[in-house]
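The lines below spell out each chain.
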Amino acid sequence: MEPITELVPPSRPWAALSPDMVGEISIRLRDAADFVRLHAVCIPWRESAPSPAAIRPRRFLPWPLALCEDLLVHNSSGDENWVASADGTAAWVLTVRPEPTMTDLLTGAIRVLPRFRENGRGEIINRRMENSRGIVYGDGIIFVYSIDLGDFTAAILRPGDVAWTIAEKRVYFGERCHHSSAAYHDGKILVCMNLQFWFVLMPDFKGNGAAGGGRLEMKSGASARDAMKHEGSYIFESGNELMWATVMSKRNPTFGYTGYDLTSTLSVTLHALVEANSSGRMRLVPRDGQSLRDRVLFLGSPASFTASATHLGGCAYFVFENCVYRYNLINGVAELMERVPAGWGSDMAHVWIQPRPAIDPIDKIREKIKAPTKEY
């Protein structure tokens, strides 16, 4: 009697997968590098790649981007005059002299901006803006600000404006506000200064000579004797609300950190800016992590944003002590995601960029190969 042999169906080559099947796999990838690798396997898989226009925004997890040892690299940080888009799609470096310009960090394109002021206090404004940060919003508004010892200065350029609208406030804070931040939203400027204090300014777009508001407030639940050390302030929009996320660490007052495991020392608090009553006065109210259970926060400087992700929701990514952390807003647990190489600058300057990988079709690649090589 002959032995019974199991009939094994012939294996199907991976390249024979239907384009629809490859596409179904492709749309489930959250890492842009994995997306590129998938479509680089073979010609059929490359031809199944969607067009750049078909790749929806915020599909991939963003990358931290900054300067490292004077070189522009992925996953790095530095102290530069960053200007970032509010949605994480672009970043620029701002220069003030001889004339204000924004240089796109990804494309190198240069945009020339109006001078901040030509006379009067122009030199003072220019000097402050040499150490500034900014945000470009989806409606085209450019918001640039500087926070120094005792002085807050903001400049707003709306589409169609030929000159900046300047808003200033003298704040007798008594220390440099390295971990402060600001944002423009719904005609108001929210300024968060270190752990405890904040204020709202109303820019004067009609040229009456002064910004309105500006009363210094203490955040709900904060105390000047708070045992938690303030490590970063981040302002972002979630839905129709403007929110303030504060990263804090628990330190021993004598010996610094309470332990070598920094994940056990970190926490993130959330507040939302809301209108207190019909008078229009604003106040900050606490928010718990459950309110953002379907959102992921990417906390950066100068801009932060949220993304919809039900499988990763209720968490915040941020940079601290040359490491990338993920903090669970639901259970209050921090997790170390990645240690970055030596050469990073401070934690105060880093942006998150939404990758938009473009994969050329095979025909276009063949044309490039056949094209004559330029001699230099």
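Residues numbered from 1 in each chain as written. Predicted model: local features only at pLDDT ≥ 70, side-chain atom pairs only at ≥ 80, totals over all residues. Heavy atoms only, no water.

Undergrad: For unusual backbone geometry, give the residues involved together with the corresponding values.
TA: Of note, the amide linkage connecting arginine 97 to proline 98 takes the cis form, showing an omega dihedral of 0 degrees. Structurally, proline 98 is set in the loop between strand 4 (91-95) and strand 5 (101-104). Following serine 301, the chain continues to proline 302 via a peptide bond in cis, the omega torsion being 20 degrees. With respect to the element layout, proline 302 can be found in the loop between strand 21 (295-298) and strand 22 (305-308). One non-glycine residue, aspartate 186, lies in the positive phi region at around 55 degrees. (Helix = DSSP H or I, 4+ residues; strand = E, 2+ residues; numbered from the N terminus.)

Undergrad: Break down the pattern of salt bridges for me, with residues and values.
TA: The full count for this structure, using the stated rule, is 12 salt bridges. A salt bridge links arginine 128 to glutamate 168; the nearest nitrogen and oxygen atoms lie 2.7 Å apart. Here glutamate 168 lies in strand 10 (residues 165-170) and arginine 128 lies in helix 4 (residues 122-129), a separation of 40 residues in the sequence. Here arginine 128 falls in the buried class, since its relative accessible area comes to 19%. Relative accessible area serves as the criterion here: at 29%, glutamate 168 is assigned to the partly exposed category. Among the salt bridges present, the one from arginine 287 reaches glutamate 241, with a minimum N-O distance of 2.6 Å. Of this pair, arginine 287 sits in strand 20 (residues 282-287) while glutamate 241 sits in strand 17 (residues 241-252), and the two are 46 residues apart along the sequence. A cluster of three or more residues bridged by salt bridges with shared partners is formed by Arg128, Asp151, Glu168 and Arg170. (Salt bridge = Lys/Arg side-chain N within 4 Å of Asp/Glu carboxyl O. Buried < 20%, exposed > 50% of the residue type's maximum accessible area, 1.4 Å probe, protein only.)

Undergrad: With reference to specific residues and values, describe the pairing of strand 7 (residues 133-136).
TA: Burial along strand 7 is two-sided: Arg133 and Ile135 facing one way and Gly134 and Val136 facing the other are all buried. The pairing of strand 3 (residues 82-85) with strand 7 spans three bridges and is classified as parallel. Its bridge partner being in strand 7, valine 83 is matched across the sheet by glycine 134. Taken together, the four bridges between strand 7 and strand 8 (residues 142-148) define a ladder with antiparallel strand orientation. What sits directly across from valine 136, in strand 8, is isoleucine 142. Once strand 7 ends, the chain turns through five residues before running back antiparallel as strand 8, passing glycine 140 with a positive phi of about 95 degrees. (Pairing = 2+ DSSP bridges.)

Undergrad: Describe the packing of aromatic side chains, and please don't skip the residues or the numbers.
TA: The geometry of an aromatic ring pair is captured by two quantities: the separation of the ring centres and the angle between the planes. Applying the stated criterion across every chain yields a total of 13 aromatic pairs. Pairing phenylalanine 298 with tyrosine 317 gives two aromatic rings, centres 5.4 Å apart and planes at 10 degrees, and the pair type is stacked. On the criterion of sequence distance, the pair formed by phenylalanine 298 in strand 21 and tyrosine 317 in strand 23 (residues 315-320) is long-range, its members being 19 residues apart. The residues phenylalanine 298 and tyrosine 317 share a single accessibility class, namely buried. Three or more aromatic residues joined by ring pairs form one cluster here, namely Phe143, Tyr145, Phe152, Tyr184, Phe199 and Phe205. The ring of phenylalanine 205 carries the charged tip of arginine 158 above its face, separated from the ring centre by 4.0 Å. (Phe/Tyr/Trp six-rings, centres within 6.5 Å; stacked < 30°, edge-to-face > 60°. Lys NZ or Arg CZ within 6 Å of the ring centre and 35° of its normal.)

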